[in-house]
Amino acid sequence: MDYPTILAMGKTAISQAGKIALDIQAKGVTLFEKTRDYGTVSEADTAVEQFLKTWVRTTFPDESIVAEESGGEALRIG
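Residues numbered from 1 in each chain as written. Predicted model: local features only at pLDDT ≥ 70, side-chain atom pairs only at ≥ 80, totals over all residues. Heavy atoms only, no water.

Enquirer: An account of the overall build of the protein is requested, with residue identities and associated values reported.
Expert: When helices and strands are counted, the protein shows two helices and four strands. Written out in order from the N terminus, the α and β elements of the protein read α-β-β-α-β-β. Residues classed as buried in the protein amount to 18% of the 78 residues present. When contacts within the protein are restricted to residue pairs at least 6 apart in sequence, long-range pairs at least 24 apart make up 33% of them. Summed over its atoms, the accessible surface of the protein is roughly 5700 Å², and 59% of this surface lies on carbon and sulfur atoms. (Helix = DSSP H or I, 4+ residues; strand = E, 2+ residues; numbered from the N terminus. Buried < 20%, exposed > 50% of the residue type's maximum accessible area, 1.4 Å probe, protein only. Contact = heavy atoms within 4.5 Å. Areas by Shrake-Rupley, 256 points an atom, 1.4 Å probe, with all protein chains shown as cover.)

Listed below in structure tokens is the structure:
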């Protein structure tokens, strides 16, 4: 896959992630306390992260993912 194609696909995914966040924001923001540190996380944070993790796993199954809200560990996919 060439870089312009990857870039276009990434832009589409980011636009979809933005729509998820805006749709959740329109309903009202819900914050949760993180269990592993003293930060907070919103419903939008976790929904966008889940969408992007699924997108990466589907689109680039041999790549790794580092995700902040689900623990921050590097997960080897594939």
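Enquirer: So what's going on with the packing of helix α1 (residues 3-27) against helix α2 (residues 43-59)? Residues and values would help.
Expert: In contact at an axis separation of 9 Å, α1 and α2 are set at 155 degrees when each is read in the N-to-C sense. Put simply, α1 runs roughly antiparallel to α2. Like other packed secondary-structure pairs, α1 and α2 cross with a definite hand, here right-handed. Counting all contacts with α1, which are made through M9, G10, A13, I14, Q16, A17, I20, A21, I24 and K27, the residues of α2 involved are E43, A44, A47, V48, F51, L52, W55 and T59. (Axes fitted to C-alpha atoms, helices over the stretch in contact; angles between N-to-C directions. Parallel < 35°, antiparallel > 145°, perpendicular 65-115°, else oblique. Left-handed = near helix turned anticlockwise from the far one by under 90°.)

Enquirer: Let's hear about the packing of aromatic side chains: which residues, and what values?
Expert: Here the structure, examined in full by the defined rule, presents one aromatic pair. Ring centres of W55 and F60 lie 5.6 Å apart, and the angle between their planes is 75 degrees; on these two criteria the pair is classed as edge-to-face. (Phe/Tyr/Trp six-rings, centres within 6.5 Å; stacked < 30°, edge-to-face > 60°.)

Enquirer: How would you summarise the environment of L52 if you had to cite specific residues and measurements?
Expert: Positionally, L52 belongs in helix α2. Each C-alpha atom, one on L52 and one on I65, is 9.6 Å from the other, the two residues being 13 residues apart in sequence. Setting aside residues no more than four positions away along its own chain, L52 makes contact with A13, I14 and A17.

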